[in-house]
Amino acid sequence: MSGNLDPSTAPSYSVKEGNGWLVVFNPDTPRQMDVQLHKRYVHDGVVCCVKFSSDGRLLAVGTNNAVIVYDVARDEKVTFPLSNDESGKTNYARSVAISPNNRFLVAGSEDKVIRIWDIDTYAYVRSLTAHRGEIYALCFTTDSQYLLSASGDRTVRVWDSTQLQSEGLAEPTCRILRSAGSEESKPVFTSLSVDSLSSFVAAGSLDGVIRVWDIRPESHNEQPVGVMSGHSDGVYGIQFLPNYAASEAMTLVSASLDRTLKCWGIMVDENQFLCKKTLTGHKVHILSTFLLLDTAL
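Student: Can you explain the overall build of the chain? Please cite residues and give values.
Tutor: Scanning the chain from terminus to terminus reveals zero helices and 22 strands. In terms of C-alpha radius of gyration, the chain reaches 19 Å, essentially the compact-globule figure of 19 Å for 297 residues. Taking the principal axes of the C-alpha coordinates as reference, the chain spans close to 60 × 45 × 35 Å. For the chain, the residues scored as buried account for 47% of the 297 residues in total. For the chain, restricting intrachain contacts to residue pairs at least 6 apart in sequence, the fraction spanning at least 24 positions comes to 45%. Carbon and sulfur atoms make up 50% of the accessible area of the chain, which totals about 15,400 Å².

Printed below as a string of structure tokens:
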């Protein structure tokens with residue numbers, strides 16, 4: 001794949017532009033896909049984050065004081081308020097997630113709270129208040145067994161999803177993942193991704209470093225099993241490509257404020273965490289990345 005996808009220098013046949021959007025295709029290979037604007041949703045407030053459900057039917061949008069879920073096929077929407085605070089202070093949904101089994105909608109916000117709703121009934125389920133900082137990222141394992149959250153409090157937490165709807169006021173227990181170092185040097189985690197076998201989680205951070213933890217039930221280590229350095233600025237987007245066997249190398253793509261995308265090869269058992277390719281061409285910060293699951297990259 002071409003390492004430079006600069007729209008100002010790429011061949012005209014590999015660039016497509018619309019009203020408010022631009023796509024650059026890899027000029028080194030025949031185009032196997034196209035991009036057309038399918039839906040357009042306009043909001044009165046800031047759009048902080050978006051996330052599709054695993055089946056592509058639902059789109060969750062985090063904005064000021066609410067999460068809005070669109071049923072893309074039916075052209076319907078439901079609004080989930082973040083709080084009933086009457087102070088008038090704006091509370092932004094910094095992260096949203098929909099469980100792969102389409103059971104839960106989850107939002108993390110500036111008030112340090114994770115809120116959970118039942119997607120089928122639209123009912124509020126509960127809040128998780130263990131974090132001591134804003135919630136910047138959320139994701140589920142592919143089996144919907146665990147919810148993971150990343151926060152400005154410099155921790156990643158792993159929640160057992162089976163406890164989210166349990167009766168009682170006690171907050172579900174969670175496993176806390178940390179990074180080694182003094183309190184001053186510990187990073188703020190901004191992005192999360194779990195591999196398709198639900199064995200490892202990666203977190204991008206403001207210090208430009210990506211850390212990987214083992215989240216299998218038999219692992220009790222709160223420290224990373226691997227660290228990847230290479231970005232010169234904060235990492236705001238990461239995503240694992242699918243892997244289908246524990247013996248396979250994992251591939252992770254990261255997006256950074258340094259205006260680059262990096263592709264990493266990971267083999268935990270062999271202690272290999274290597275940058276395989278760097279993609280350049282963006283003129284401003286890259287705040288997110290998304291990979292089509294039926295492609296190599």
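The discussion continues.
Student: Explain the confidence of the model for the chain residue by residue, including any values.
Tutor: With 91% of its residues at a pLDDT of 70 or more, the chain shows a mean pLDDT of 88. Here strand S2 (residues 21–24) is the element of the chain with the lowest mean pLDDT, 80, and strand S11 (residues 135–140) is the one with the highest, 97.

Student: How would you summarise the sheet that holds strand S21 (residues 261–267) if you had to cite specific residues and measurements?
Tutor: Pairing in this open sheet of four strands is antiparallel, and the strands run S19-S20-S21-S22 from one edge to the other. The open sheet terminates on both sides in strands that have one partner only, identified here as strand S19 (235–240) and strand S22 (272–279). Strand-to-strand twist of the sheet, defined as the mean angle between neighbouring strand axes without regard to direction, takes the value 25°. Both S19 and strand S20 (residues 250–256) contribute to a ladder of five bridges, which runs antiparallel. Each bridged residue has a counterpart across the sheet, and for Val235 the counterpart in S20 is Ser256.

Student: Account for the environment of Val125, naming residues and giving values.
Tutor: Mapping Val125 onto the fold places it in strand S10 (residues 124–128). Overall, Val125 belongs to the partly exposed group, its relative accessible area being 22%. With 50 residues separating them along the chain, Val125 and Asp75 place their C-alpha atoms 25 Å apart.

Student: Mind laying out the pairing of S10, listing which residues take part and the relevant values?
Tutor: Taken together, the four bridges between strand S9 (residues 114–118) and S10 define a ladder with antiparallel strand orientation. Residue pairing across strands places Trp117 opposite Tyr124, the latter belonging to S10. Following S9, the chain reverses through five residues before pairing antiparallel with S10; Tyr122 in that reversal takes a positive phi of roughly 65°.

Student: An account of the environment of Met267 is requested, with residue identities and associated values reported.
Tutor: Take Met267: it is sitting in strand S21. A relative accessible area of 25% means that Met267 is categorised as partly exposed. When the C-alpha positions of Met267 and Gly226 are compared, they lie 9.5 Å apart, and in sequence the two are 41 residues distant. In this view, Met267 contacts Ser247, Ala249 and Gln272; residues no more than four positions away in its chain are not counted.

Student: Please set out the sheet that holds strand S17 (residues 210–214) residue by residue, giving values where relevant.
Tutor: Ordered by their spatial adjacency, four strands build an open sheet running S15-S16-S17-S18, and the pairing between neighbours is antiparallel. Looking at the sheet topology across the chains shown, the edges are occupied by strand S15 (189–194) and strand S18 (226–228). This sheet shows a mean twist of 20° between the axes of neighbouring strands, independent of strand direction. Two elements, strand S16 (residues 200–205) and S17, share five bridges in a ladder whose sense is antiparallel.

Student: Describe in detail the pattern of salt bridges, supporting the description with residues and values.
Tutor: According to the stated counting rule, one finds nine salt bridges in the structure shown. Between Lys39 and Asp75 there is a salt bridge whose closest N-O contact spans 2.8 Å. With a gap of 36 residues between them, Lys39 in the loop between S2 and strand S3 (49–52) and Asp75 in the loop between strand S5 (66–71) and strand S6 (76–81) connect regions that are remote in the sequence. Judged by relative accessible area, which is 29%, Lys39 ranks as partly exposed. Looking at Asp75, the relative accessible area reads 53%, which means it is exposed. Residue Asp55 is joined to Arg57 by a salt bridge in which the shortest nitrogen-to-oxygen separation is 3.9 Å. Assessed through its relative accessible area of 34%, Arg57 is described here as partly exposed. Bridged by salt links that share partners, the residues Asp55, Arg57, Asp71 and Arg74 form one connected network.

Student: Go over the packing of aromatic side chains with me, naming the residues and quoting the values.
Tutor: Summed over the entire model, instances satisfying the criterion amount to four aromatic pairs. Between the aromatic rings of Phe189 and Trp213, the centroid separation amounts to 5.5 Å while the plane-to-plane angle is 80°, which identifies the pairing as edge-to-face. Of this pair, Phe189 sits in strand S15 while Trp213 sits in strand S17; the two residues are 24 residues apart in sequence, bridging distant segments of the chain. Its relative accessible area of 0% is what places Trp213 among the buried residues.

Cut-offs and rules
Residues numbered from 1 in each chain as written. Predicted model: local features only at pLDDT ≥ 70, side-chain atom pairs only at ≥ 80, totals over all residues. Heavy atoms only, no water. Helix = DSSP H or I, 4+ residues; strand = E, 2+ residues; numbered from the N terminus. Rg over C-alpha atoms; globule rule 2.2 N^0.38 Å. Buried < 20%, exposed > 50% of the residue type's maximum accessible area, 1.4 Å probe, protein only. Contact = heavy atoms within 4.5 Å. Areas by Shrake-Rupley, 256 points an atom, 1.4 Å probe, with all protein chains shown as cover. pLDDT = per-residue confidence, 0-100. Pairing = 2+ DSSP bridges. Axes fitted to C-alpha atoms, helices over the stretch in contact; angles between N-to-C directions. Salt bridge = Lys/Arg side-chain N within 4 Å of Asp/Glu carboxyl O. Phe/Tyr/Trp six-rings, centres within 6.5 Å; stacked < 30°, edge-to-face > 60°.

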